[in-house]
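# Structure at a glance
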Amino acid sequence: MRIVVKVGTSTLAHPTGRLNIRRVECLCKTLADLKNAGHEIILVSSGAIGMGVGKLNLPGRPADMPTKQAAAAVGQCELMYTYDKLFEEYHHTVAQILLTGSDVENEVRHRNFRNTIFRLLELGALPIINENDAVVTDEIGVYNTIGENDTLSAIVAVSVSADLLVLLSDIDGLYTADPRRDPTARLIPEVEAVTPEIEALAGGKGSSLGTGGMATKLSAARMATAAGTDMIIANGADPGVLYAIVEGRPVGTRFLARKEHAPCK
Ligand code: GLU
């Protein structure tokens, strides 16, 4: 399978902004193993700003744009250094691709992106993608900006015709109500279509270090499933959950690809 895995800052870092070493090691080991088993893996990783915050010893996620972008520039190096080191242990080569909204909208750049990523996959490399936060502002809806990595990962999954998009988050999946507030909330294992009723279940923004929330995940689901890609939201606390996902066991919430666009298997 060609699988796009998106990890959020809340999965990669402790609330301090410092790297969650145990978890990131488990993530890299699992992804390396899935690659060894023959799957094509593309990682969309957040964490640049969060790691920059930790590395620069800032008190929290900066509010002003230049500091945010400076943190991203520092943190992106740290992020790739960490991935390079950990994947190297399992003899896998990583490649960094940083995108902006313009790269996706511009036909030539988008084609170049696809060419690069397909060649990287042929060469056996593991592409790791993030938004180029140092040159775009991270406000959703601002021109040229993708804004957050749920959407970015869906754009990537659609661009490469992935079989599966997995969003690893700090929540188990989509619930009937906010499980942090409502004890009667139930996990929804499968969603056939992102209807207005489903959209109504999405609350606001998630943890303090990340930028996504359920609303951006549902919009990612809409994009991915419309293009024939299944999408799963699962808890990234144990990245080993990816084994169960790849084996097709019920984990988190699975959004089913729209049948009329399903790719030939
Ligand atoms: N691109 C941002 C970062 O690497 C994160 C965006 C997101 O978490 O959605 O810090």
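Residues numbered from 1 in each chain as written. Predicted model: local features only at pLDDT ≥ 70, side-chain atom pairs only at ≥ 80, totals over all residues. Heavy atoms only, no water.

### Observations concerning the sheet that holds strand β6 (residues 190-191)
Sheet strands line up and pair through hydrogen bonds in the backbone, either parallel or antiparallel. Here is the rule we go by: Two strands pair under a simple rule: DSSP has to find at least two bridges between them. Helix and strand assignments follow DSSP, with helices taken as H or I runs no shorter than four residues and strands as E runs no shorter than two, numbered in order from the N terminus. The contact definition used throughout considers only heavy atoms, calling two residues in contact when any of these lie within 4.5 Å. Axis geometry follows a simple rule: fit a line to the C-alpha atoms, using only the stretch in contact for helices, then measure angles between N-to-C directions, giving values from 0 to 180 degrees.
Strand order in the open sheet made by the eight strands is β3-β4-β2-β1-β5-β7-β8-β6, with mixed pairing throughout. Each edge of the open sheet carries a strand with a single partner, namely β3 (94-99) and β6. Bridge count for strand β5 (residues 164-169) against strand β7 (residues 230-235) is six bridges, and the pairing is parallel. Directly across from Val166, in β7, lies its bridge partner Ile232. Sheet strands touched by helix α2 (residues 21-36): β1 (2-7), β2 (40-45), β4 (126-131) and β5. Its angle to β2, the strand with the most contacts, is close to 155 degrees. Those strands touched by helix α9 (residues 214-226) are β5, β7 and β8 (253-255), and its axis lies near 155 degrees from that of β7.

### With respect to the packing of helix α7 (residues 149-159) against α9
Put simply, the test is: An angle counts as roughly parallel when it lies under 35 degrees, as roughly antiparallel when it exceeds 145, as roughly perpendicular when it falls between 65 and 115, and as oblique in every other case. Classes in brief: Ala, Val, Leu, Ile, Met, Phe, Trp, Tyr, Cys and Pro nonpolar; Asp, Glu, Lys and Arg charged; the others, Gly included, polar.
At their nearest, the axes of α7 and α9 sit 8 Å apart, and the two run at 10 degrees to each other. As far as their axial angle goes, α9 and α7 are roughly parallel. Each of Asp150, Thr151, Ala154, Ile155 and Val158 in α7 lies in contact with α9, whose residues at this interface are Thr216, Lys217, Ser219, Ala220, Met223 and Ala224. Partitioning the contact of α7 with α9 into residue classes produces six nonpolar, three polar and two charged.

### Some thoughts on α9
Applicable threshold: One fewer than the residue count of a helix, multiplied by 1.5 Å, yields its expected span. For every residue, the accessible area (1.4 Å probe, protein chains only) is compared with the maximum for its type, and the residue is labelled buried under 20%, exposed over 50%, or partly exposed between those bounds.
When the terminal C-alpha atoms of α9 are compared, their 18 Å separation across 13 residues agrees well with the 18 Å that a helix rising 1.5 Å per residue should span. Of the residues making up α9, those classed as buried are Met214, Thr216, Lys217, Leu218, Ala220, Ala221, Ala224 and Thr225. Those residues of α9 that are buried are in contact with α7, β5, α8 (196-199), β7 and β8. Where α9 ends, the next residue or the one after it, Gly228, has phi of about 95 degrees, a positive value.

### Considering the nonpolar core
The condition is simple: What makes a nonpolar core is a set of buried Ala, Val, Leu, Ile, Met, Phe, Trp, Tyr and Cys residues whose side-chain atoms join them at distances within 4.5 Å.
Val4, Ile129, Met231 and Phe255 are the most contacted members of the largest nonpolar core, which has 38 residues in total. At the level of secondary structure, the elements contributing two or more residues to this core comprise β2, β3, α6 (107-122), α7, β5, α9 and β7. Contacts of Ile129, omitting those with residues within four sequence positions, involve Ile42, Leu43, Val44, Ser45, Ile97, Leu99, Phe113, Ile117, Leu152 and Val156. Of all hydrophobic cores here, the second largest spans 32 residues; its members include Leu27, Leu79, Leu164 and Ile232.

### Quick look at the side chain of Ser46
To keep things clear, this is the line we draw: Two N or O atoms form a polar contact when they lie within 3.5 Å of each other; inside protein one atom must be a possible hydrogen donor and the other a possible acceptor, and for residues adjacent in sequence the pair counts only when both atoms belong to side chains.
You can see Ser46 is positioned in the loop between β2 and α3 (48-55). Among the residues examined, Ser46 registers a relative accessible area of 11% and is labelled buried. Here Asn149 takes part through its side chain, which lies 2.9 Å from a polar atom of the side chain of Ser46. Apart from the residues within four sequence positions on either side, Ser46 is in contact with Lys6, Val7, Gly8, Thr9, Leu12, Leu79, Asn130 and Asn149.

### As for the environment of Ala125
Relative to the elements of secondary structure, Ala125 occurs in the loop between α6 and β4. By relative accessible area, Ala125 is classed as buried at 8%. In this structure the C-alpha to C-alpha distance between Ala125 and Val166, which are 41 residues apart in sequence, comes to 19 Å. Apart from the residues within four sequence positions on either side, Ala125 is in contact with Lys35, Thr93 and Leu120.

### Comments concerning α7
Summarising burial for α7: 10 of the 11 residues are buried, a large majority. Two or three places before Asp150, at the opening of α7, Glu148 has a side-chain oxygen 2.9 Å from that residue's backbone nitrogen. A positive backbone phi angle near 50 degrees is found at Ser161, which sits one or two residues after α7.

Spatial relationships are all this shows, so hold off on functional conclusions.
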